[in-house]
Amino acid sequence: MEQLDWMARVGTGIAREIRRHRLAAGMSAQQLSDACAELGANIPRTVISNIENGRRTNVSVAEVMVIARALGQPPAALVFPAGYVNEVEYLPEKKTDPLEAVDWWSGERLPPDARVVFEERRGFSRATYPGGINAHQQWAINIARKHRAVVNRITNHYRSAFESQVIEATVGEPDNESAVARAVAKQLEYYLYDLREEMTRRGLVLPELPPGMKLEKRPDEHIEIDDSGEIVSRWTQHGPQPF
């Protein structure tokens, strides 16, 4: 019963935010319905009115996404309205700061209830997270984010190398900034190669690389694998890989 009550409370909160942002945008319920239709989703005016008036408390994820887009808001803003409330009930009887809930929703942090656990060892109290404080970094969404970030860094370093090379040629004075930028980009390419290998091992979809970006395995790489097939260590002549 509590689960049903909580789900109804979530729906009521979403309805409140839909109405808040609709009025702030100066839109009628019909205009919001028309905006949803332009996005390819048929959400009649009566449905919007029933949601806002509380006659309907079950709002689907699809409806949240479309209505949020029509209102010019991110979907999470309708569920966890940071800036308008001090706390949200993100799970039954569990409340937290709305920004913490938004970060959990987007995969940027552990669930708010994944609190620290204190362990007593040799007379000392140590704070730990049962799954590890960085366990969320192993979620597929964050591995994909890491891939995107590394690709952007590689692109930026090569761009910097090119710009430095142009300046060197124009000024006529040698400068090692271009060589350093290319060396850093190369190390990042090795990292990205390793990351994509790990993504393949996990069954994740590999994002397309930018045109012209080619990756290769680290030279002289030594890999040790345990009986279960897990990589326990790996090194190259350039030092340990940056995992």
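Residues numbered from 1 in each chain as written. Predicted model: local features only at pLDDT ≥ 70, side-chain atom pairs only at ≥ 80, totals over all residues. Heavy atoms only, no water.

*Asks:* Even after reading the chapter, I still don't get the layout of surface pockets, so can you show me in this structure?
*Replies:* The volume enclosed by the largest pocket comes to roughly 610 Å³. Lining the largest pocket we find 28 residues, and of these W6, R9, V10, G11 and I14 sit closest to its centre. For the lining of the largest pocket, the secondary structure elements donating two or more residues are α1 (2-24), α4 (61-71), α5 (75-79) and β1 (88-91). When residues of the lining of the largest pocket are assigned to their parent elements, the largest contribution, 11 residues, is made by α1. Across the lining of the largest pocket, the residue classes tally to 17 nonpolar, 5 polar and 6 charged. (1 Å grid on protein atoms, 1.4 Å probe; cavity = no way out; pocket = protein on both sides within 12 Å on 5 of 7 lines; lining within 4 Å. Points joined across faces, edges and corners; volume = space filled by probe spheres on them. Helix = DSSP H or I, 4+ residues; strand = E, 2+ residues; numbered from the N terminus. Nonpolar A, V, L, I, M, F, W, Y, C, P; charged D, E, K, R; others polar.)

*Asks:* Looking at this structure, how should I read the nonpolar core?
*Replies:* In summary, soluble globular proteins display a tendency toward joint burial of nonpolar side chains. Counting 26 residues, the largest nonpolar core has I14, I18, L32, C36, I43, I67 and L78 as the members making the most contacts within it. Only α1, α2 (29-38), α3 (45-52), α4, α5 and β1 provide two or more residues apiece to this core. It is α4 that contributes the most residues to this core, 6 residues altogether. Formed by 10 residues, the second largest nonpolar core is a distinct cluster that contains I143, V150, I154 and L188. (Core = buried A, V, L, I, M, F, W, Y, C linked by side-chain atoms within 4.5 Å. Buried < 20%, exposed > 50% of the residue type's maximum accessible area, 1.4 Å probe, protein only.)

*Asks:* I keep staring at the packing of α2 against α4 and nothing clicks. Help me out?
*Replies:* Helix packing geometry: the angle between the two helix axes and the distance between the axes. With their axes 9 Å apart at the nearest point, α2 and α4 run at an angle of 110° to one another. It follows that α2 is roughly perpendicular to α4 by the angle criterion. Contacts between α2 and α4 involve L32, A35 and C36 from the former and V66, I67, A70 and L71 from the latter. A class-by-class count of the residues in the contact of α2 with α4 yields 7 nonpolar, no polar and no charged. (Axes fitted to C-alpha atoms, helices over the stretch in contact; angles between N-to-C directions. Parallel < 35°, antiparallel > 145°, perpendicular 65-115°, else oblique. Contact = heavy atoms within 4.5 Å.)

*Asks:* For this particular structure, what's the right way to read the side chain of E17?
*Replies:* When you line up the elements, E17 lands in helix α1. On the accessibility criterion, E17 (0% relative accessible area) is buried.

*Asks:* Is there a simple way to think about the side chain of R218 in this case?
*Replies:* Mapped onto the elements, R218 comes out in the loop between α8 (177-201) and β5 (222-225). Accessibility expressed as a relative area gives 5% for R218, which makes it buried. Separated by 2.8 Å, the side chains of R218 and D194 make a polar contact. (Polar contact = N/O pair within 3.5 Å; in protein donor to acceptor, adjacent residues only side chain to side chain.)

*Asks:* Teacher, can you tell me more about the packing of aromatic side chains here?
*Replies:* Two numbers describe a pair of aromatic rings. These are the distance of the centres and the angle of the planes. Summed over the entire model, instances satisfying the criterion amount to 2 aromatic pairs. Here F80 and W105 contribute two aromatic rings whose centre-to-centre distance is 5.7 Å and whose plane-to-plane angle is 85°, an arrangement assigned as edge-to-face. In this pair, F80 sits in the loop between α5 and β1 while W105 sits in helix α6 (residues 98-105), placing the two residues 25 residues apart along the sequence. Residue class for F80 comes out buried when judged on its relative accessible area of 6%. Between the aromatic rings of Y90 and W104, the centroid separation amounts to 5.6 Å while the plane-to-plane angle is 75°, which identifies the pairing as edge-to-face. Of this pair, Y90 sits in strand β1 while W104 sits in helix α6, placing them 14 residues apart in sequence. (Phe/Tyr/Trp six-rings, centres within 6.5 Å; stacked < 30°, edge-to-face > 60°.)

*Asks:* Whenever I open this one, unusual backbone geometry confuses me. Can you help?
*Replies:* Note: most peptide bonds trans; most residues except glycine with negative phi. In the Ramachandran plot, E93 falls in the positive-phi region, its phi being about 65° despite a non-glycine side chain. Relative to the helices and strands, E93 resides in the loop between β1 and β2 (94-96).

*Asks:* I would appreciate a short explanation of the pairing of β1 in the present structure.
*Replies:* For a regular strand, the rule is simple: side chains alternate between the two faces of the sheet. Inspection of the sheet shows β1 paired to β2 by 3 bridges, in the antiparallel sense. Considered in β2, the bridge of E89 is made with K95. (Pairing = 2+ DSSP bridges.)

*Asks:* Looking at this model, I keep getting lost on the packing of α2 against α3. Mind explaining?
*Replies:* α3 packs onto α2 with a crossing angle of 120° between their chain directions and a minimal axis gap of 8 Å. With respect to their mutual orientation, α2 and α3 come out oblique. With respect to the hand of their crossing, α2 and α3 are arranged in right-handed fashion. Here α2 contributes A29, Q30, L32 and S33 to the contact with α3, which in turn contributes R45, I48 and S49. When its residues are assigned to classes, the contact of α2 with α3 shows 3 nonpolar, 3 polar and 1 charged. (Left-handed = near helix turned anticlockwise from the far one by under 90°.)

*Asks:* Help me out: how do you make sense of α4 in this one?
*Replies:* Because the α-helix completes a turn every 3.6 residues, residues three or four places apart line up on one side. Of all the positions in α4, only E63, V64, V66, I67, A68, A70 and L71 are classed as buried. Within two residues after α4, G72 carries a phi angle of roughly 75°, on the positive side.

Purely spatial values, then, with no claim about function.
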